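Spelled out from the first residue to the last, the chains are:
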Amino acid sequence: MMTALSSGTATVQQHHDNNAEQRRNLGTISGVYLPSLQSILGVILFLRLTHITSQAGIVYTTLLLLISTASTILTWSSLSAIVTNGDIKSGGPYYIISRTLGVDIGCSLGLLYYIGNTLSGSLFVLGAVEAVQHSIRAYYARWGYGFSGHIFPYDVQITSLAIVAAMTGSIHVGGGRYVTVLSNFFLGVTALSILFMFLGCIFFIVGWHMGSLQEYDRSFHENTWSRYEPDPYTGVLPDIYSCLALIYPSVTGLLSGMAKADQLKNPRKSIPTGMFWAIVTSSAIYLMVTWLFGMSISNRTLKVDKFVTASVSFPHELPVRIGVVMTCFGLVLGTLATAPALIAAVAADDVLPFLSFLRPRYEGDKTRALWFTSAIIGLATLPGSLDHISPFVTIFYLLMYSGVNAATCISGYVRPPGFRPTFRYFHWSVSFVGFVWCMGLAFLISWLGTFCSVLSFVLMGAYIKKSRRLAATGMKWGTLGSAVRYNIVSSALNSLAKSASAVPTEVTLSMSEEGRQLNNSIISAEDVSVLSSNVGGGVTDITPEEVAHLHSNHSDFHAKNWRPQILTIVDVDANGNPTNLRTLSLASQLQQAGKGINMVIAIIDQSSTAMAASVASAVEDICGGNTSQDDDHSDVSGLSRSERWRNEDESLSAASSGMDHYDTIKLIKRSKALLMLQMKREGMDGFAEVSTTDGKFFEAVWSAVIHTGLGPLSPNSILLSLPSFLKFEGNRSGDSYCLHRKSRTEAENYLRTINGILNLGKAVILFKSSPSYPQNGDIIPDRGTIDIWWIVHDG
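What counts as what
Residues numbered from 1 in each chain as written. Predicted model: local features only at pLDDT ≥ 70, side-chain atom pairs only at ≥ 80, totals over all residues. Heavy atoms only, no water. Helix = DSSP H or I, 4+ residues; strand = E, 2+ residues; numbered from the N terminus. Contact = heavy atoms within 4.5 Å. Areas by Shrake-Rupley, 256 points an atom, 1.4 Å probe, with all protein chains shown as cover. pLDDT = per-residue confidence, 0-100. Phe/Tyr/Trp six-rings, centres within 6.5 Å; stacked < 30°, edge-to-face > 60°. Buried < 20%, exposed > 50% of the residue type's maximum accessible area, 1.4 Å probe, protein only. Lys NZ or Arg CZ within 6 Å of the ring centre and 35° of its normal. Patch = residues over 30% accessible without salt bridge, like charges linked within 9 Å, V, L, I, M, F, W, Y side chains within 5 Å. Salt bridge = Lys/Arg side-chain N within 4 Å of Asp/Glu carboxyl O. Axes fitted to C-alpha atoms, helices over the stretch in contact; angles between N-to-C directions. Parallel < 35°, antiparallel > 145°, perpendicular 65-115°, else oblique. Nonpolar A, V, L, I, M, F, W, Y, C, P; charged D, E, K, R; others polar. Polar contact = N/O pair within 3.5 Å; in protein donor to acceptor, adjacent residues only side chain to side chain. Pairing = 2+ DSSP bridges. 1 Å grid on protein atoms, 1.4 Å probe; cavity = no way out; pocket = protein on both sides within 12 Å on 5 of 7 lines; lining within 4 Å. Points joined across faces, edges and corners; volume = space filled by probe spheres on them.

1. Here we look at the overall build of the chain
- Within the chain, the secondary structure is distributed over 26 helices and seven strands.
- At a minimum sequence separation of 6, the contacts of the chain that also span at least 24 residues come to 80%.
- By element, 61% of the accessible surface of the chain is carried by carbon and sulfur atoms, the whole surface being about 41700 Å².

Written out as structure tokens, the structure is:
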């Protein structure tokens with residue numbers, strides 16, 4: 001049966017693997033280059049680039065294009081590092097970024113990308129409506145009629161909402177397969193439109209073709225430098241920063257090349273290569289349009305006719321006017337196909353509770369996300385002009401690019417084990433330049449909008465972190481923050497270790513006349529403490545120079561920087577239940593005052609547990625009718641029943657207190673959970689651990705003091721509760737005498753514990769608990785006393 005199930009599982013897995021391999025059939029051109037190029041060559045190229053050239057001039061427009069392209073090149077390096085960091089599966093850009101950089105950063109960047117992508121959809125819708133407006137205005141002017149471009153009030157908004165509803169309905173009914181089939185068609189239309197306008201402009205320069213322009217529209221030296229004038233349609237006077245905000249959406253669309261990552265034969269190679277050449281090609285086209293139209297058409301014509309790319313096209317203007325509208329429709333369909341998938345993926349990860357209504361109800365379900373995205377696109381078209389939308393698109397894309405660059409910069413610098421990109425041109429300094437570059441551009445465009453967006457980004461990250469902690473979904477993708485904190489802590493520890501590298505003054509080393517043996521001059525030879533014993537002779541080869549170096553104080557530590565790093569020993573019973581919780585209250589209060597590190601440890605004495613188990617086992621044997629067998633066995637062995645129980649007790653004690661025993665691990669985990677719960681109630685930050693011992697409590701405490709902490713963050717103060725020892729006077733009966741002897745043994749062991757801690761150079765705090773002692777957060781009455789007895793070594 002198991003063989004059949006294994007065979008069936010293997011068959012299903014092989015079937016899925018074969019389907020995955022069949023899907024990976026796209027190369028660099030069809031899978032990355034063309035989708036990226038289609039997203040970059042959009043409405044700005046046809047409707048705004050020539051107008052920006054007339055305002056800012058050829059020189060400054062070229063500079064703006066190069067600045068914008070530089071930001072995408074720098075971001076391309078960071079994205080290439082992300083996609084070459086490991087195996088790429090389905091999910092698009094959000095999936096790749098979130099699984100690489102962590103859920104907090106991934107979701108925040110994913111939301112920025114979603115907002116920017118959705119607003120780009122509104123930009124494309126308004127671009128299509130504006131293209132129709134300019135075409136109608138041009139034909140009316142040619143026929144001698146005046147036309148303002150508006151057929152009825154709010155016609156732009158109503159038409160835009162109708163287009164969005166129609167496009168959303170087509171996606172809802174037909175699914176995303178129509179977008180995939182028509183994407184190549186729309187890309188072909190875009191390519192033909194670009195070709196026709198290039199041919200028309202070249203023929204216009206040489207005088208072979210005029211289009212709808214006149215002879216006086218030809219000029220070769222009017223657009224070299226900036227000539228800012230109010231927009232003839234909006235009346236707004238632009239500047240260099242508004243031109244940057246308007247032109248930057250022309251270089252976005254870089255992440256579209258990552259949408260089909262799961263369908264690529266070699267995504268690690270295809271995505272960086274395809275995106276790079278898409279950037280180079282699109283930048284070359286934009287620069288050619290800037291110089292070709294700016295050097296041949298008059299400044300006034302470029303300002304008035306924002307659709308001059310169609311007016312001069314060859315062989316006729318109508319293919320370009322229709323082609324631009326169809327290009328915008330194709331870009332809107334692409335947005336409606338990718339943006340809902342992105343927000344549905346974020347909702348499916350169950351990280352943001354307020355997006356739970358967008359969570360897919362079944363695999364591939366994007367209905368709610370589709371109409372939600374459609375509503376946002378429709379609302380963003382209400383301003384009625386793409387000039388009002390483009391600055392927001394620019395800011396969100398720049399912030400998203402800044403986030404990607406910042407995350408990869410930190411990952412490259414910290415170098416966590418999960419971030420090992422194979423992209424040869426990646427370096428964390430390049431990502432840092434990209435972060436500064438993109439963030440600087442965002443603040444130049446709108447410092448207030450960028451500040452509000454950054455604040456929202458930070459709050460969103462904090463909200464994601466808190467919601468994940470409260471939801472406890474169990475998702476563990478690894479976060480960049482953990483790697484950063486580890487790097488900071490490890491660097492700080494190494495720095496502290498170097499600054500505190502001198503030999504502690506509590507232990508003074510002296511050398512014998514031969515200069516070969518090190519002894520402790522403070523601890524006497526008669527001390528029975530194991531700390532002073534010299535196992536194996538303790539012979540160490542050391543020179544007088546080395547001893548002098550050990551004695552020299554190389555530490556820059558000062559007493560004013562001393563902080564209490566408290567190790568609290570909490571008493572627990574045999575079942576791991578804390579028995580003196582007021583000790584934790586004092587430890588929490590000391591931590592608040594000293595701002596140090598608090599470590600809590602509980603040591604479970606399992607000797608009593610083993611004794612109970614052995615007695616229970618013996619009683620079970622007796623009740624089970626094995627008395628005669630035991631008697632026979634006792635006769636043979638020569639041992640009494642009590643002696644055999646004592647031997648069984650020792651074996652059970654050794655077994656039950658070992659870490660290889662499952663019940664011991666369960667007991668430790670339970671006790672640790674109780675300690676952490678009580679620490680949380682006290683508002684106490686720190687670390688909790690639980691250990692076991694077979695009866696030698698003082699040795700367990702010494703081991704905890706020595707091994708707890710790390711380097712300079714080891715405990716320097718030990719907090720213990722003061723026990724009460726029972727004494728009996730005048731009664732020499734067997735029971736009383738044994739109890740008195742046990743109490744005396746406990747007292748001796750407790751004193752040995754304190755002496756050992758003092759010999760280790762630690763401060764000791766003995767706390768005599770009281771039920772009336774205030775917990776952390778309690779208000780102390782006006783009248784109350786706390787008795788503190790200082791026991792110091794006065795020399």
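2. Some remarks on the environment of V572
- Within the secondary structure layout, V572 lies in the loop between β3 (566–570) and α20 (582–594).
- For V572 and I603, which are 31 residues apart along the polypeptide, the C-alpha to C-alpha distance reads 7.0 Å.

3. Thoughts on the confidence of the model for the chain
- Of the residues in the chain, 73% reach a pLDDT of 70 or more, and the chain-wide mean stands at 77.
- Taken as a whole, residues 1–17 scores under 50 in pLDDT and shows zero contacts with residues more than four places along the chain or in a different chain.
- Confidence drops under a pLDDT of 50 for residues 648–656, and excluding neighbours within four residues, the segment shows 14 contacts in the predicted structure.

4. A closer look at the packing of aromatic side chains
- Summed over the entire model, instances satisfying the criterion amount to 14 aromatic pairs.
- Arranged with centres 5.1 Å apart and planes meeting at 40°, the rings of W76 and F276 form a pair that is tilted. Within this pair, whereas W76 is found in helix α4 (residues 49–83), its partner F276 is found in helix α10 (residues 267–294), the two being separated by 200 residues in sequence.
- The class of W76 is buried, set by a relative accessible area of 11%.
- Overall, F276 belongs to the partly exposed group, its relative accessible area being 27%.
- The ring of F204 carries the charged tip of R218 above its face, separated from the ring centre by 4.6 Å.

5. Notes on a nonpolar patch on the surface
- On the surface, Y413, W428, F432, V433, V436 and W437 cluster together to form a nonpolar patch covering roughly 570 Å² of accessible area.
- It is helix α16 (residues 428–445) that contributes the most residues to the nonpolar patch, five residues altogether.
- Look at W428 and you get partly exposed, because its relative accessible area is 31%.

6. Focus: the packing of α4 against helix α9 (residues 240–247)
- Put simply, α4 and α9 touch, their axes get as near as 9 Å, and they point 75° apart. The orientation of α4 with respect to α9, classified from their angle, is roughly perpendicular. Contacts between α4 and α9 involve L49, I52, Q55, A56, Y60, T61, L64, L65 and S68 on the former and, on the latter, I240, C243, L244, L246 and I247.
- Taken together, the residues that form the contact of α4 with α9 break down as 11 nonpolar, three polar and no charged.

7. Details of the environment of A763
- Looking at the secondary structure, you find A763 in strand β7 (residues 763–767).
- A763 sits in the partly exposed class, given a relative accessible area of 37%.
- Beyond its immediate chain neighbours, meaning those up to four positions away, A763 contacts N716, S717 and I718.

8. Some words on the side chain of N299
- Position of N299 relative to the elements: it lies in helix α11 (residues 299–304).
- The exposure class assigned to N299 is buried, which follows from its relative accessible area of 3%.
- Side-chain polar atoms of N299 contact the side chain of N223, separated by 2.8 Å.
- Ignoring anything within four residues of it in the chain, the contact list for N299 reads S54, E222, N223 and R227.

9. Some details on the sheet that holds β3
- Across the sheet, which stays open at both edges, the five strands sit in the order β5-β4-β3-β6-β7 with parallel pairing between neighbours. Of all strands in the sheet, those with a lone pairing partner are β5 (687–693) and β7, marking the two edges. For this sheet, the mean inter-axis angle between neighbouring strands, taken without regard to orientation, is 20°.
- Across five bridges, the pairing between β3 and strand β4 (residues 598–605) is parallel. Across the sheet, T568 pairs through a bridge with V600, a residue of β4.
- Relative to β5, helix α24 (residues 662–681) is tilted by about 145°, and along the sheet it contacts β3, β4 and β5.
- Strands β3, β4, β5 and β6 (717–721) of the sheet are contacted by helix α25 (residues 697–707), whose axis makes an angle of about 155° with β4.

10. Digging into empty space enclosed by the protein
- This structure, assessed with the given rule, holds two cavities of 30 Å³ or more.
- Estimates place the volume of the largest cavity at around 50 Å³.
- Lining the largest cavity, in full, are P93, Y94, I97, G106, L109, G110, Y113, L255 and M400.
- Elements represented by at least two residues in the lining of the largest cavity include exactly α5 (92–101) and α6 (103–142).

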